[in-house]
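Chain residues, written in single-letter form:
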Amino acid sequence: MSARVVLRAGRARPFYGRHPWVYPGAIEAVTNDPADGDAVEVHSHAGNFIAHGLYNSKSKLRVRLYSWQQEVPIDEHLFRARIEEAIRLRDGILRMGARREGEAPAEPRTIDNLDAETARQEPHPPGSRQACRLIFSEGDGLSGLTVDRYDRWLVVQITGLGIGVRRDILADLLMEIAQPEGIFLRTERGIGRLEGLELHDGPLRGKLPDEPVVIEEAGVRFHVNIAEGQKTGFYLDQRDNRQAVARYASGRRVLDGFCYTGGFGLHCARAGAMDVVGLDSSAPALDLARANADLNGLDSVSFRAGDVFEQLDALVDAGERFGMVILDPPKFARAQHAVPEAMRGYRQLQTQALRLLDADGILVVCCCSGLITREMLEELLSQLAAETRRRIQILEVRGQSPDHPVAATCPESSYLKCLICRVL
Ligand code: SAH
């Protein structure tokens, strides 16, 4: 008999509701002594089957749930089905890179040509320069597994031990289904401590590129260093937001705060910004940002290294003005206790940004901390408007790109906010 995790009385509701994380506090008993990473059945106190999950005694996420059908265990078939579903979303529904470079754009999608079009699509069109998140952990029913596609390569991030011990079977399935030239493993800092999982960056399968991969995002090309860049190399979650923000950039002097390899700024430059200044503390990121500006023949762009908080103060002191300020900082709040300090950080950044903004300026506020909600960001803007006596109009409230789908039963899979505001 497979190992069982029995829940405490009255604690089963979230899991019948298909939330995928079982914390220790909900657990009454564990039977048959599962090893870390083993599959377990989760049962209610009354003894009813709820879900199949992967167990890890070292993690706060004691069981991660993957299947709510007793007859569907966690095995190769389940992983294959989930990977295929995930790819169908990106290549089919979202039409991300469904055609080869140089090929004429596909006809508009109608019910009539849907089947023919799906049949034409290949799992991975070579040379497409396509980049997208292929698998988004809980968002794709695969808690602990993130896979990004950069042209012909995949970058895998593993954040759960149960997935970690199954990495060979997952890598084989990805090679077969997505047909990349190679798969590279990137580890997230702290994951060894959180999950008791020791992994190291390195190739998992196939051949890896000798140079940074070049991807294309809405007509702008970027070098991506999949072996050494931040996260998996590029912030794909902001793809649609970069394009949305660029629509406001024409004729403006743009300040791109926390610019990484130039994402927002280069899109703005291409959309006709008068001048773009990118700020970031990472020298390697700025080296790539400059290379990216050259790659796209954009010469109205410059980058400055340093701490954004200090740089904003210096720009205010120097009396500089901008028509658009973008703030896309890293995650400030990783735990509830860090939220007040994080909010002070956003307040400081936005206060200085407002000082730099001309009347009729555009302020872009991004936040990738799931613990900080859209409502909290709107409340902060409301306070700042009153304090600085400026009218702030919120024009767009945006989230993560749809290749980072939010699982309706896992609100934590919604994390990114991007507010585009006009400041009078
Ligand atoms: N806007 C980017 C992604 C930004 S990620 C894009 O579209 O690709 C956040 C960036 O903030 C990282 O590049 C990191 O190097 C930088 N960073 C973190 N803390 C910083 C600080 N205090 N000052 C300047 N840059 C910082």
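Residues numbered from 1 in each chain as written. Predicted model: local features only at pLDDT ≥ 70, side-chain atom pairs only at ≥ 80, totals over all residues. Heavy atoms only, no water.

For this particular structure, what's the right way to read the nonpolar core?
Soluble globular proteins tend to bury their nonpolar side chains together. Core analysis: the largest hydrophobic core is formed by 38 residues, its most contacted members being Tyr150, Val245 and Cys268. If you tally residues by element for this core, the top one is helix α8 (residues 263-270), at 4 residues. Looking at which domains feed residues into this core, each of domain 2 (76-206) and domain 3 (235-423) supplies at least three. Excluding anything up to four places from it in sequence, Tyr150 contacts Gln130, Ala131, Val155, Val213, Ile215, Val224, Ile226, Thr232, Gly233, Phe234 and Leu236. Val277, Phe322, Val325 and Val339 belong to the second-largest nonpolar core, a separate cluster that totals 34 residues. (Core = buried A, V, L, I, M, F, W, Y, C linked by side-chain atoms within 4.5 Å. Buried < 20%, exposed > 50% of the residue type's maximum accessible area, 1.4 Å probe, protein only. Helix = DSSP H or I, 4+ residues; strand = E, 2+ residues; numbered from the N terminus. Domains from an automatic or database assignment. Contact = heavy atoms within 4.5 Å.)

Would you take a moment to explain the sheet that holds strand β14 (residues 253-257) for this structure?
As a general point, the strands of a sheet are linked pairwise by backbone hydrogen bonds and lie either parallel or antiparallel. Read from one edge to the other, the open sheet built from 7 strands follows the order β16-β15-β14-β17-β18-β20-β19, with strand pairing classed as mixed. Each edge of the sheet is formed by a strand with only one pairing partner; in this case those strands are β16 (301-305) and β19 (392-398). Each adjacent strand pair in this sheet contributes to an overall mean axis angle of 15°, direction not counted. Pairing geometry for strand β15 (residues 275-280) and β16, over 5 bridges, is parallel. Bridge pairing in β16 places Val277 opposite Ser302. (Pairing = 2+ DSSP bridges. Axes fitted to C-alpha atoms, helices over the stretch in contact; angles between N-to-C directions.)

What's the story with the sheet that holds strand β8 (residues 145-150) in this structure? I'm lost.
Read across the sheet, 5 strands follow the order β7-β8-β9-β10-β11 without closing on themselves; strand pairing throughout is mixed. Of all strands in the sheet, those with a lone pairing partner are β7 (131-136) and β11 (202-206), marking the two edges. For this sheet the average axis-to-axis angle between neighbouring strands, irrespective of direction, equals 20°. Sheet analysis places strand β10 (residues 182-186) next to β11, joined by 4 bridges and oriented antiparallel. Directly across from Leu185, in β11, lies its bridge partner Gly202. Sheet strands touched by helix α2 (residues 76-93): β7 and β8. Its angle to β7, the strand with the most contacts, is close to 150°.

What is the right way to look at helix α5 (residues 167-178) in this model?
Side chains three or four residues apart in an α-helix point the same way, a direct result of the helix having 3.6 residues per turn. With 12 residues, α5 should cover 16 Å at 1.5 Å per step; its first-to-last C-alpha distance of 15 Å lies within 8% of that length. Within α5 the residues assigned to the buried category are Leu170, Ala171, Leu173, Leu174, Ile177 and Ala178. On an axial view of α5, the arc spanned by its buried residues comes to 165°, and they lie on one face. Downstream of α5 by a residue or two, Gln179 has a phi angle that is positive, lying close to 50°. (Expected span 1.5 Å × (residues − 1). Arc of directions from axis to C-beta.)

Can you walk me through empty space enclosed by the protein in this structure?
Applying the stated rule across the entire model yields 2 cavities of 30 Å³ or more. The volume enclosed by the largest cavity comes to roughly 50 Å³. For the largest cavity, the full set of lining residues is Leu145, Val156, Ile158, Arg167, Leu170, Ala171, Leu174, Ile183 and Leu204. Mapped onto the lining of the largest cavity, the elements with two or more residues apiece are β9 (153-158) and α5. (1 Å grid on protein atoms, 1.4 Å probe; cavity = no way out; pocket = protein on both sides within 12 Å on 5 of 7 lines; lining within 4 Å. Points joined across faces, edges and corners; volume = space filled by probe spheres on them.)

What exactly am I supposed to notice about helix α9 (residues 283-295) here?
Its 13 residues place the ends of α9 18 Å apart at the C-alpha level, agreeing with the 18 Å of an ideal helix rising 1.5 Å per residue. Those residues of α9 that fall on the buried side of the exposure criterion are Ala285, Leu286, Leu288, Ala289, Asn292 and Ala293. Looking down the long axis of α9, one finds its buried residues gathered within 160° of arc, a one-sided arrangement. Looking at α9, the residues exposed on the side facing more than 90 degrees away from the buried face are Pro284 and Asp294. Packing partners of the buried residues in α9 comprise β13 (220-224), α8, β15 and β16. At the exit of α9 stands Gly297, carrying a positive phi of roughly 60°.

Before we go on, may I ask you to explain the domain arrangement of the chain in this structure?
It is common to give the size of an interface as the accessible area that goes away when the parts come together. For the chain, the assigned domains read domain 1 (4-67), domain 2 (76-206) and domain 3 (235-423). Residue-level contacts link 13 residues of domain 1 with 17 residues of domain 2. Summed over both sides, the interface of domain 1 with domain 2 buries roughly 1100 Å², with 52% coming from carbon and sulfur. Interface area lost by domain 1 to domain 2 is led by Leu54, Arg64 and Tyr66, which between them contribute 49%. For the interface between domain 1 and domain 2, the tally reads 2 salt bridges. A salt bridge links Glu138 to Arg64; its shortest N-O distance comes to 3.8 Å. Linking domain 1 to domain 2 there are 9 residue pairs in polar contact (both at pLDDT 80 or more). In terms of residue count, strand β6 (residues 63-67) provides more of the side of domain 1 that touches domain 2 than any other element does, 3 residues in total. (Buried area = accessible area lost by both parts, 1.4 Å probe. Salt bridge = Lys/Arg side-chain N within 4 Å of Asp/Glu carboxyl O. Polar contact = N/O pair within 3.5 Å; in protein donor to acceptor, adjacent residues only side chain to side chain.)

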